[in-house]
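Structural overview for review
Residue strings, one per chain:
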Amino acid sequence: MKNIYKNSIKNIKKAKKILNKNNIIALPTETVYGLAGNAYSDKSVKKIYTLKNRPRINPVIIHYYNLKFLKNDAYIDKEFLKLYKKFSPGPLTYILKKKENSRVSKYSNAKLKSIAVRFPSNKIIRNLLKDLKFPLAIPSANISTSLSPVKSSDVYDEFGNKLSFILDGGITKIGLESTVISLLKKIQILRPGSISSKEISKVLNRNIKYQSKINRIVSPGQLKRHYSPGIPIKLNCKTVDDKDAFIVFGKKYKSKKNIFNLSKKGDLKEAGKNLYRILRKIKNLGYKKIKVLRIPNNKIGVAINDRLKKASY
Ligand code: TXA
Ligand code: MG
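So, here is what we can say about the structure in this document.

Turning our eyes to something else, we now look at the layout of surface pockets. As a volume, the second largest pocket reaches approximately 640 Å³. Looking at the second largest pocket, it is lined by 26 residues, and the ones nearest its centre are Ser-194, Ile-195, Glu-199, Lys-269 and Ile-300. Residues lining the lining of the second largest pocket come from more than one domain, with at least three contributed by each of domain 1 (4-204) and domain 2 (233-311).

So, in structure tokens, the structure goes:
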């Protein structure tokens, strides 16, 4: 895998050079690995969509170093600032009204009036962002509808040599994509993640809900099937045959060849971190079917169940 580059000063320089030429690279964030390109360049953004085979109507997230850079591109308000102070940099994505004179490529947000913005906390990507003269458009580094990558070899698994530069940053800390919150007219969560609606509600001092109903074309994961290993998944199962893979959670399950435990100690954070890694492993082992035990539906469990549900369509 000679397109995987370890994190070093020399390779960060190389990454910057590629991005400055409006070419694209894969890199780690604290959530999952992403495919990154200059968000101000139509050419870069188009390359991302083509490589991912992503429908043009599905907008991507624009990643910034800090607020200073965002101000030319989006309108912010008091609610945004409250959340920003508490959760950024980190795994929270805000949907904001795009400024009319913003330089963000219209191809990155499906020509909508809004843009999704995030301030990642991973040190490697921050190191890049702080020296670039543009924000980065970054969707997850997987073929559209497939599983998100949590390590550099997963990115290779998705794209092989079609991508010339994958920056390695080990296994991602969180393992699930960021929480997406819309701050347009009605404040609502569009995609659950490791930052829960409860934590968000506390900061805003009112009840903010996850809008799981897919009723508008621009809601995340709108294309029902998503995050999928490409084999049938059945949720809320109690038992399983030896020939199927069984994903479980908690200490009462014995280790067996076809049993995959998201967290033996019953820790939801750990389960979130392991989810995509285990799904990819099961897929690569050649199982024809996956069954999943019921996973507690609180905290990050809401995000885990959301991904499993979308993977099961
Ligand atoms: O953790 C993450 O967010 C990762 C890392 C790489 O940062 N990125 C990620 O990007 O998950 P992606 O493209 O796989 O998912 C972005 C989600 C999509 O579901 C998209 O529909 C939604 O954000 N989104 C982007 N712009 C939007 C907008 N203007 N309005 C509503 N939803 C939007
Ligand atoms: Mg994705």
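Along the chain, the position of Ser-108 falls in the loop between strand E5 (92-97) and strand E6 (114-118). Residue class for Ser-108 comes out buried when judged on its relative accessible area of 0%. From its side chain, Ser-108 meets the backbone oxygen of Ser-105 in a polar contact 2.8 Å long. When neighbours within four sequence positions are excluded, Ser-108 is seen to be in contact with Val-45, Tyr-49, Pro-59, Val-60 and Ile-62.

A few words now on the nonpolar core. Residues Tyr-94, Ile-181 and Ile-200 are the most contacted members of the largest nonpolar core, which totals 58 residues. If we ignore the near neighbours within four places in the chain, the residues touching Ile-200 are Leu-83, Phe-87, Leu-92, Thr-179, Ile-181, Ile-189, Ile-195 and Ile-208. Within the second largest apolar cluster, 28 residues are counted, among which are Leu-176, Ile-233, Leu-279 and Ile-282.

The rules behind these values
- Residues numbered from 1 in each chain as written.
- Chains lettered and ligands numbered in written order.
- Predicted model: local features only at pLDDT ≥ 70, side-chain atom pairs only at ≥ 80, totals over all residues.
- Heavy atoms only, no water.
- 1 Å grid on protein atoms, 1.4 Å probe; cavity = no way out; pocket = protein on both sides within 12 Å on 5 of 7 lines; lining within 4 Å.
- Points joined across faces, edges and corners; volume = space filled by probe spheres on them.
- Domains from an automatic or database assignment.
- Helix = DSSP H or I, 4+ residues; strand = E, 2+ residues; numbered from the N terminus.
- Buried < 20%, exposed > 50% of the residue type's maximum accessible area, 1.4 Å probe, protein only.
- Polar contact = N/O pair within 3.5 Å; in protein donor to acceptor, adjacent residues only side chain to side chain.
- Contact = heavy atoms within 4.5 Å.
- Core = buried A, V, L, I, M, F, W, Y, C linked by side-chain atoms within 4.5 Å.

Any functional reading would require information that these geometric values do not contain.
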